[in-house]
Each structure stands twice: as structure tokens, then as C-alpha cells.
Amino acid sequence: MNMKYSIPSYSFHGLHSEGKIDLFGYFETVRYRYHLDSADIWNMMFESYDEDYMRKLREALDEKGMYVANLCVDAAEVWDVDPVKREQFYQNGLKNLRAAVILGAQTVRIDMGGREREMSPEQFDYTVMRYKEYAKFAAEHGFMVGPENHWGSSRVPENIRKVYEAVDHPNFGILLHLDNWEVDKENGDRLCAKYAFHTHLAAGVIPACEEKITILQEAGYKGHLGIEHHSGKNEYSQVAWQFAAARNTWALMQAKQVEVRQA
């Protein structure tokens, strides 16, 4: 397993809310401060969905030799009990899928929606239908799409399994937010790692980082370890610490594996 890393632009949401960074600045930050060629875009930092703006973002990425590992989409969750909101979220989802095509995103996260743990039959059927549509679009444009175990019904591993198996499409998977389960927290990552196309590793999970990376290894994971920071304060230094801790854990794991092979 070759470890690839990304740093979501959400990790700088505090700076963004203060008007101190935009996506162009984020690209500069990731490329030249943290020396990564992967971008991991939070859609709430888009200034618009105009094609001209998206083309400028793509040009900035290309100029730096960067690619988009993930487009993380908020305000486009698949399910809401209000059909008016559901349609609004759907239209926002379509805008973001089109943006993903222009940006060349490898993966796209669109939340499942649903505030309750249990999924009603109506919610389940609608969710599967919509993700089948999104997966078909993703296949036509060469990327993966699916939910994150982020909030509500998606934080139940059994719901993830049921939706994954019902969608049954090679371009459908999940963004695995490590250790972010409301039900079966001890086993959720292990149960769902096989569905993962991308990950989020929060600062609070760093002490268990070796365990989480081992779970990914055992599942044959080939995506990125997304270093997502949440505090909204001292973000440049906090991200640097979190990124360094994750890389150090991986380096120590590699060294242990070499020692075992040589023993």
C-alpha cells in the first residue's frame, strides 16, 4: 500500500470565514507549504458555479501540476423529508457533479441526508435511486461518488451497507470519516472500509492512527488519507502538526514491517 495524502480545504474554514484564504490561495498553500500535488475541495469555498470560474480553478490546478482527489459537497444531501428542499438539494448536487467534471475530481462526496438513525422505506428507495443516477454520471466521467458517514442516518454502518449493496455500481462508494459512527463505533470503520474511496482523518483520531491505517490496509484501500482539521483556529500550524503525525505513524509502521520481514 502506497500512502497518498490530501488536505481538505475545509481544514482552513476558519481562515476562509475571515476572508483570508480562497481556493486559489488554498492551492498555493497545499502545493508550497505542505508539498502535496493533491487538492481536496470543500464546495462551500466555491465563489460561484459559473463555468468560467471553474475553468480558472482548473487552470490554477494544472499550472501547479495538481489534481483533485475529492470534491466534498455540502448542501446537496440526497434525502430531506421536505420535497421542496429535496429538489433544491438535488439541483445543487447536479451543479457540483458538473463542477467535478471540469475540475477532474477523482471522487465526489454527496451526503446521504436523513436526520434520524433509521431510514424509512421511502427514504431508502429514494436514496438508492438517486445514488444510482449519480453513479451512472460518475462512470460516464471517470470518477467515484457516494456519501460520507457524516451525520444522521449515514453514521449507522448497517445503513451504509444496505445502500451500498442496493446501488450496486462500481462507481459508487463512500468517504470514510474514520471513527465517526453513532452506532457500532468500535466496528464501524472495519465494517465499512471495503466501501471507501476516500477518507477523513480528524485530529482526535491521531492517537488511533496506526489502528485506522491498518484497517485500511487490510481492506485493500487505494485512496488518500485526508488530513481534515476542524478547530477553525491556528489552522496552518495545526494542519502541519496533524499531517506530520499521520506521516510519522505511517513511516513507523513501514519500519516495523521491514523489521518483521528481515527477522
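Residues numbered from 1 in each chain as written. Predicted model: local features only at pLDDT ≥ 70, side-chain atom pairs only at ≥ 80, totals over all residues. Heavy atoms only, no water.

Visitor: So what exactly am I meant to see when it comes to the overall build of the protein here?
Guide: Summing up its helical and strand segments, the protein has nine helices and eight strands in all. A compact globule built from 263 residues should have a C-alpha radius of gyration of about 18 Å, and the protein, at 18 Å, falls within 12% of that. By principal-axis analysis of the C-alpha atoms, the protein measures approximately 55 × 40 × 35 Å. Looking at the protein as a whole, 53% of its 263 residues are labelled buried. Of the contacts made within the protein by residues no fewer than 6 positions apart, 77% connect residues no fewer than 24 positions apart. For the protein, the exposed area adds up to about 12100 Å²; of that, 49% sits on carbon and sulfur atoms. On the protein, the mean spot of the 30 positive side-chain charges and the mean spot of the 39 negative ones are 2 Å from each other. (Helix = DSSP H or I, 4+ residues; strand = E, 2+ residues; numbered from the N terminus. Rg over C-alpha atoms; globule rule 2.2 N^0.38 Å. Buried < 20%, exposed > 50% of the residue type's maximum accessible area, 1.4 Å probe, protein only. Contact = heavy atoms within 4.5 Å. Areas by Shrake-Rupley, 256 points an atom, 1.4 Å probe, with all protein chains shown as cover. Lys, Arg positive; Asp, Glu negative; His and termini not counted. Charge placed at Lys NZ, Arg CZ, Asp CG, Glu CD.)

Visitor: Just checking my understanding: could you explain the sheet that holds strand β3 (residues 67-73) for this structure?
Guide: By way of backbone hydrogen bonds, the strands of a sheet pair with one another, either parallel or antiparallel. In spatial order, the strands read β2-β3-β4-β5; together these four strands make up an open sheet with parallel pairing. Here the strands that pair on one side only, and so sit at the sheet edges, are β2 (38-42) and β5 (144-146). The sheet shows a mean angle of 10 degrees between the axes of neighbouring strands, taken without regard to direction. Bridge count between strand β4 (residues 107-110) and β5: three bridges; the pairing is parallel. Paired with R109 across the two strands is G146, which belongs to β5. (Pairing = 2+ DSSP bridges. Axes fitted to C-alpha atoms, helices over the stretch in contact; angles between N-to-C directions.)

Visitor: What's the story with the nonpolar core in this structure? I'm lost.
Guide: Across soluble globular proteins, nonpolar side chains have a tendency to be buried as a group. Residues F27, F46, V108 and L225 are the most contacted members of the largest nonpolar core, which totals 78 residues. Apart from the residues within four sequence positions on either side, L225 is in contact with M3, K4, Y5, S6, L178, T199, L201, I213, L216 and A246. (Core = buried A, V, L, I, M, F, W, Y, C linked by side-chain atoms within 4.5 Å.)

Visitor: What am I meant to see in the side chain of T199 here?
Guide: Locating T199 in the fold gives a position in strand β7 (residues 196-200). Assessed through its relative accessible area of 0%, T199 is described here as buried. Not counting residues up to four positions away in its chain, the partners in contact with T199 are L175, L176, L178, L216, Y221, H224, L225 and G226.

Visitor: So what exactly am I meant to see when it comes to the pairing of β3 here?
Guide: Residues in a regular strand point their side chains to alternate faces of the sheet. Of all the seven residues making up β3, six are buried; the element is thus mostly covered by neighbouring parts of the structure. The sheet contact formed by β2 and β3 spans five bridges and is parallel. By the bridge assignment for β3, W42 is matched with C72. At this point the chain moves from β2, through helix α3 (residues 51-63), to the parallel β3, and the crossover so formed is right-handed. (Right-handed = clockwise from strand over helix to strand, strands pointing away.)

Visitor: Looking at this model, I keep getting lost on the side chain of T249. Mind explaining?
Guide: The residue T249 is located in helix α9 (residues 235-262) in this model. Take T249: its relative accessible area is 15%, and that puts it in the buried class. Within polar-contact distance, the side chain of T249 engages the backbone oxygen of A245 at 3.0 Å. (Polar contact = N/O pair within 3.5 Å; in protein donor to acceptor, adjacent residues only side chain to side chain.)

Visitor: Would you mind going over unusual backbone geometry with me for this structure?
Guide: Most peptide bonds take the trans configuration, and most residues that are not glycine carry a negative phi. Non-glycine residue D179 carries a positive phi angle of around 70 degrees. Relative to the helices and strands, D179 resides in the loop between β6 (174-177) and α7 (188-192). On the accessibility criterion, D179 (26% relative accessible area) is partly exposed. A positive phi angle, near 45 degrees, is found at N234, a position not held by glycine. One can find N234 in the loop between β8 (224-226) and α9.

Visitor: Help me understand the packing of aromatic side chains, please; the structure alone is not making it clear to me.
Guide: The way to describe two aromatic rings as a pair is by their centre distance and the angle between their planes. Under the counting rule described, the total for this entry stands at 16 aromatic pairs. Their ring planes at 55 degrees and their centres at 5.8 Å tell us that Y26 and F27 sit as a pair that is tilted. With a relative accessible area of 0%, Y26 lands in the buried category. Summarising the aromatic geometry, the rings of Y131 and F172 are spaced 5.0 Å apart at their centres and angled 50 degrees between planes, so their arrangement reads as tilted. Taken together, the residues span a long stretch of sequence, with Y131 in helix α5 (residues 121-141) and F172 in the loop between α6 (157-167) and β6 at a distance of 41 residues. An identical accessibility class is assigned to Y131 and F172; each is buried. (Phe/Tyr/Trp six-rings, centres within 6.5 Å; stacked < 30°, edge-to-face > 60°.)

Visitor: I keep staring at the environment of A75 and nothing clicks. Help me out?
Guide: Tracing the sequence through the fold places A75 in the loop between β3 and α4 (83-103). It is 19 Å that separates the C-alpha atoms of A75 and M129, two residues lying 54 residues apart in sequence.

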